[in-house]
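Below are the chains, spelled out letter by letter.
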Amino acid sequence: MATDWIALQALAAAEFGRRVAAVQDWDAPTPDSEWTTHDLVAHVVDEQRWIPKLLTGCDFAEAEADLPPIGDDLVAAWDQHAAAATEAWSRAPQDTPVHLATDVVRAGEYLVEQTSDITIHTWDLARATGSDDQLPDELVEAVWSYFEPQIETLAATGLYATPVEVDADAPLQTRLLAVTGRDGRTPA
């Protein structure tokens, strides 16, 4: 059975949104030592803002230039831009060319990348805010199936830190986070 990445994207957006709505401290550190909670949420919101434009064939530079600033209310910005992105994904043919900053990919590939990114950042946000960091099994399994064939090259992309060593029999979520340079084990 084929993976329904449209449904998974909506689930990932809902999971991230649930945690955005619960943020109390926008200056809290995240697992990425260079980002605060504000920085992390702004990053994910920013990526969602581009999606509707990119899925219509607009290139990255045009999409970026045509968007107003996010604003100060990140909860409202997330709600607005995540909803627009989810709607755009549901309408876009999966073979639509998407002109990213460094590459042109099919919309289906971009969908998988974006869903994976939101999933990983949901865990980051949960850890930063002390909220529930357990990700839905279907998201973990789907993102793992996407990442597993690339484990050897993920760190080389520059998108993720050096993988964290974990036991081969560690829970799948822990192994998934580990390949992105995150220590997903339960803190002591």
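Data block above holds the structure.
Residues numbered from 1 in each chain as written. Predicted model: local features only at pLDDT ≥ 70, side-chain atom pairs only at ≥ 80, totals over all residues. Heavy atoms only, no water.

Engineer: What exactly am I supposed to notice about the pattern of salt bridges here?
Structural biologist: This structure, assessed with the given rule, holds 7 salt bridges. The shortest N-O distance in the salt bridge between R19 and D132 comes to 4.0 Å. Of this pair, R19 sits in helix α1 (residues 5-21) while D132 is found in the loop between α5 (107-129) and α6 (137-147), placing the two residues 113 residues apart along the sequence. Residue classification places D132 among the partly exposed residues on the basis of a relative accessible area of 42%. The shortest N-O distance in the salt bridge between R127 and D133 comes to 2.6 Å. Several salt bridges share partner residues, and in doing so they unite E15, R18, R19 and D132 into one network. (Salt bridge = Lys/Arg side-chain N within 4 Å of Asp/Glu carboxyl O. Helix = DSSP H or I, 4+ residues; strand = E, 2+ residues; numbered from the N terminus. Buried < 20%, exposed > 50% of the residue type's maximum accessible area, 1.4 Å probe, protein only.)

Engineer: What's the story with the environment of E165 in this structure? I'm lost.
Structural biologist: Positionally, E165 belongs in the loop between α7 (151-154) and α8 (172-179). For the pair formed by E165 and G181, sequence separation is 16 residues and the distance between their alpha carbons is 8.9 Å.

Engineer: Sorry if this is basic, but what is going on with helix α2 (residues 37-54) here?
Structural biologist: Two residues of an α-helix separated by three or four positions point the same way, owing to the 3.6 residues in each turn. Its 18 residues give α2 an end-to-end C-alpha distance of 26 Å, which sits within 8% of 26 Å, the value for a rise of 1.5 Å per residue. Listed in full, the buried residues belonging to α2 are T37, L40, V41, A42, V44, V45, E47, Q48, R49, W50, I51 and L54. (Expected span 1.5 Å × (residues − 1).)

Engineer: Just checking my understanding: could you explain the packing of aromatic side chains for this structure?
Structural biologist: Ring pairs (aromatic) are described by centroid distance and by the angle formed between their planes. Taken as a whole and judged by the stated rule, the model has 4 aromatic pairs. A centroid spacing of 4.7 Å and a plane angle of 80° characterise the contact between W50 and F60, whose relative ring orientation is edge-to-face. One end of the pair, W50, is in helix α2; the other, F60, is in helix α3 (residues 60-65), with 10 residues separating them in the sequence. Measuring from centroid to centroid gives 5.5 Å for Y146 and F147, while their planes differ by 40°, and the two rings are tilted. We note R175 situated over the ring of W144; from NZ or CZ to the ring centre the distance is 5.4 Å. (Phe/Tyr/Trp six-rings, centres within 6.5 Å; stacked < 30°, edge-to-face > 60°. Lys NZ or Arg CZ within 6 Å of the ring centre and 35° of its normal.)

Read these as spatial facts, not as claims about activity.
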